[in-house]
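# Breakdown of the fold
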There are 2 protein chains.
Amino acid sequence: MGTVTPANPTRPAAVLFPTLAVVGVGLIGGSAGLAARRRGAAGRVIGVGRHGEALEQARARGAVDDVCTDLRAAAAAADLVLFCTPVDRIAALALEAAPACRPGTLLTDAGSTKAGILAAVRGRLPAGVAFVGGHPLAGSERQGAGHADAGLFEGRLVVLTPDPDTNDNALSQVATFWQALGARTIVLGAEEHDRAVALTSHLPHLAAAAVAGLLPPELDGLTAAGFRDMTRVAAGDPELWEAIFHENRGPVLGALDRLAGRLDAFRAALAAGDRAAVCGLLAEGHAARHRLDGGA
Amino acid sequence: MGTVTPANPTRPAAVLFPTLAVVGVGLIGGSAGLAARRRGAAGRVIGVGRHGEALEQARARGAVDDVCTDLRAAAAAADLVLFCTPVDRIAALALEAAPACRPGTLLTDAGSTKAGILAAVRGRLPAGVAFVGGHPLAGSERQGAGHADAGLFEGRLVVLTPDPDTNDNALSQVATFWQALGARTIVLGAEEHDRAVALTSHLPHLAAAAVAGLLPPELDGLTAAGFRDMTRVAAGDPELWEAIFHENRGPVLGALDRLAGRLDAFRAALAAGDRAAVCGLLAEGHAARHRLDGGA
């Protein structure tokens with residue numbers, strides 16, 4: 001990191017973490033590295049990955065200072081290790097990194113699911129190494145550190161899901177890290193988080209993918225803004241999202257059942273010509289949107 | 001209408017229709033009136049409606065020159081009558097207006113469904129009065145002539161659905177009207193149109209409304225851009241959309257069954273831990289989005 005410049009008025013006087021290792025330098029990891037460098041949340045950012053090309057893209061974007069394919073070496077040097085890989089690899093990588101860490105090192109992640117990851121690492125970390133689960137509600141259908149955006153977390157919510165045995169200092173330090181990147185933080189239980197995002201993120205993605213998947217190419221020209229908005233999330237990487245659904249399959253199956261029930265209700269009302277019932281179902285969706293748009 | 005000004009270079013030398021009556025001055029009707037006035041597609045625009053307040057809003061917005069609550073009087077004065085009311089009122093209003101029309105008057109509409117409207121007016125119009133079905137694939141979750149936008153149809157597609165007995169001149173004149181407003185036009189059979197929009201517009205709306213309707217208020221804060229994009233269309237007026245689903249219930253029920261089948265497939269694959277199958281279903285949605293974004 002260089003000197004404080006007028007272009008970066010939000011940079012604090014002292015860095016929060018001398019060395020941050022970001023494992024997985026895609027859109028989220030790259031954006032976290034870029035934001036941490038620009039805002040002084042980290043003195044130095046090491047990008048960790050298996051693919052030289054992605055790492056070099058992150059370095060070229062200014063998201064990391066150094067790159068490394070050796071997770072343990074990076075972990076040994078880091079004060080904070082942020083895992084931003086697909087969710088089904090986070091726990092294994094955390095367990096691989098932890099033995100190399102110095103006491104006092106914090107581990108955290110940006111995975112979209114939490115309970116499975118926490119269960120997998122619980123009780124298996126060396127003394128003095130803590131894991132705090134995290135999920136920034138930010139992202140995009142764009143992929144890769146080439147789209148990294150230092151403002152990606154600005155004003156967004158990061159859900160932190162500590163275990164009962166997570167010490168308050170570890171939780172507080174991870175919260176401060178995300179706040180330094182412009183985010184708000186809240187604390188939820190991992191299971192509560194997973195049930196919530198099944199409804200707010202995973203189910204919308206599945207429904208969008210299902211609707212998009214029914215579109216035959218000959219009807220592409222008959223789509224308008226509504227179709228495009230509604231299915232935009234389906235542009236997200238299928239493998240990344242499959243891993244999320246797999247990790248959170250209990251809550252996602254529950255949410256799918258609730259959606260099926262509601263679509264059944266629409267179907268029955270429509271088939272019966274029960275116009276008031278169809279209107280009532282639409283009005284419930286309308287009311288939710290109205291709340292989100294600040295109307296209630 | 002005033003003189004040609006430099007601010008309106010697209011205005012043709014001669015107006016297409018001396019008098020245009022727009023029946024229903026909401027977002028679509030108001031935008032059509034505004035665009036027709038600005039682009040010289042009509043010499044004079046009469047806004048027709050039941051509610052004085054909406055008519056005055058349209059006049060204040062510059063969408064119409066005159067307002068009128070007497071449909072027959074407006075129809076008698078018009079060369080083109082454009083019906084922009086909720087779809088379940090279009091046929092009855094067209095049949096009410098037609099006997100008052102002078103021979104040579106054209107009737108058309110902007111309804112989201114077509115077969116039912118055409119069937120209702122077929123064979124019931126006076127000699128010399130033609131009805132050409134139309135559907136501009138444009139709109140917004142915003143409502144009312146207060147949001148009227150002269151550019152709403154710019155670059156958009158308008159589907160025209162003539163009956164087999166529609167004369168070519170009538171079809172051509174209606175096409176020219178929409179083209180003067182900046183739209184492209186295509187001709188489809190009414191049933192083909194209705195099956196297509198069941199998949200490209202009505203099903204996405206139902207799915208978005210169903211997903212939005214499952215959101216409890218306490219989870220509002222845990223929604224992010226994906227949820228908001230995916231459910232945006234659900235902000236549309238429930239009564240307007242209920243009328244569309246009712247008019248197009250056959251194709252909509254068919255589309256709903258296809259969506260239910262696809263969600264069942266997701267559910268079965270997820271429950272069975274068949275990760276390749278889940279990924280394959282997501283990849284089909286991803287491919288459709290990629291096509292729409294110009295990637296294929």
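Coordinates for the structure precede this section.
Residues numbered from 1 in each chain as written. Chains lettered and ligands numbered in written order. Predicted model: local features only at pLDDT ≥ 70, side-chain atom pairs only at ≥ 80, totals over all residues. Heavy atoms only, no water.

### Notes on the pattern of salt bridges
Pairs may arise between side chains of opposite charge once their charged atoms sit close together. On inspection of all chains with the given rule, the structure shows 30 salt bridges over all chains. With a closest N to O distance of 3.1 Å, Arg232 of chain B and Asp229 of chain B form a salt bridge. A residue is classified by how much of its surface remains accessible, and Asp229 of chain B, at 16% relative accessible area, is buried. Where Asp293 of chain B meets Arg289 of chain B, a salt bridge forms, and the shortest distance between an N and an O atom there is 2.9 Å. One salt-bridge network, in which partners are shared between bridges, spans Asp229 and Arg232 of chain A together with Asp229 and Arg232 of chain B. (Salt bridge = Lys/Arg side-chain N within 4 Å of Asp/Glu carboxyl O. Buried < 20%, exposed > 50% of the residue type's maximum accessible area, 1.4 Å probe, protein only.)

### Quick notes on the interface of chain A and chain B
With 73 residues of chain A in contact, the opposing surface of chain B contributes 73 residues. Contact with chain B buries surface across chain A, with Leu214, Leu222 and Arg275 of chain A losing the most and accounting together for 11% of the total. The interface formed by chain A and chain B contains 10 salt bridges. Here chain A and chain B share 20 residue pairs in polar contact (both at pLDDT 80 or more) between them. The element contributing the most residues to the side of chain A that touches chain B is helix α7 (residues 190-213) of chain A, with 14 residues. Counted by class, the side of chain A that touches chain B contains 46 nonpolar, 11 polar and 16 charged residues. (Contact = heavy atoms within 4.5 Å. Buried area = accessible area lost by both parts, 1.4 Å probe. Polar contact = N/O pair within 3.5 Å; in protein donor to acceptor, adjacent residues only side chain to side chain. Helix = DSSP H or I, 4+ residues; strand = E, 2+ residues; numbered from the N terminus. Nonpolar A, V, L, I, M, F, W, Y, C, P; charged D, E, K, R; others polar.)

### Topic: the side chain of Thr85 of chain A
Within the secondary structure layout, Thr85 of chain A lies in the loop between β4 (80-83) and α4 (87-97). If we ignore the near neighbours within four places in the chain, the residues touching Thr85 of chain A are Val23, Gly24, Ile90 and Leu93 of chain A.

### Some thoughts on helix α9 (residues 238-247) of chain B
Burial analysis of α9 of chain B places 7 of its 10 residues in the buried class, the great majority of the element. Lining the buried residues of α9 of chain B we find α10 (249-271) and α11 (275-292) of chain A together with α4 (87-97), α7 (190-213) and α10 (249-271) of chain B. You can read the cap of α9 of chain B off the contacts: a side-chain oxygen lies 2.7 Å from the backbone nitrogen of Glu239 of chain B, and it is on Asp237 of chain B.

### Description of the sheet that holds strand β7 (residues 157-161) of chain B
Residues and elements named next belong to chain B. Judged by pairing direction, the sheet is mixed, and its 8 strands sit side by side in the order β3-β2-β1-β4-β5-β6-β7-β8 without closing on themselves. In the strand order of this sheet, the two ends are held by β3 (66-68) and β8 (184-187), each with one partner. Neighbouring strand axes in the sheet, compared pairwise and without regard to direction, differ in orientation by 25 degrees on average. Relative to strand β2 (residues 42-48), strand β1 (residues 17-23) runs parallel, the two being bridged by 6 bridges. Its bridge partner lying in β2, Thr19 is registered against Arg44. Sitting on the sheet, helix α1 (residues 27-39) touches β1, β2, β4 (80-83) and β6 (130-136), and the angle it makes with β2 is about 160 degrees. Strands β1, β4, β5 (106-109) and β6 of the sheet are contacted by α4, whose axis makes an angle of about 155 degrees with β4. (Pairing = 2+ DSSP bridges. Axes fitted to C-alpha atoms, helices over the stretch in contact; angles between N-to-C directions.)

### A short note on the relation of the copies chain A and chain B
Superposition of chain A onto chain B requires a rotation of 180 degrees combined with a translation of 0.0 Å along the rotation axis, giving an RMSD of 0.0 Å. Taken together, these values place the two copies in the relation of a two-fold axis. In terms of proximity to the rotation axis, the leading residue of chain A is Met230 of chain A, whose C-alpha is 1.9 Å off the axis. Comparing contact sets, 100% of the residues at the interface of chain A also lie at the interface in chain B, consistent with an isologous, same-surface contact. (Least-squares fit on C-alpha atoms with pLDDT ≥ 70 in both.)

Geometry only, nothing functional implied.
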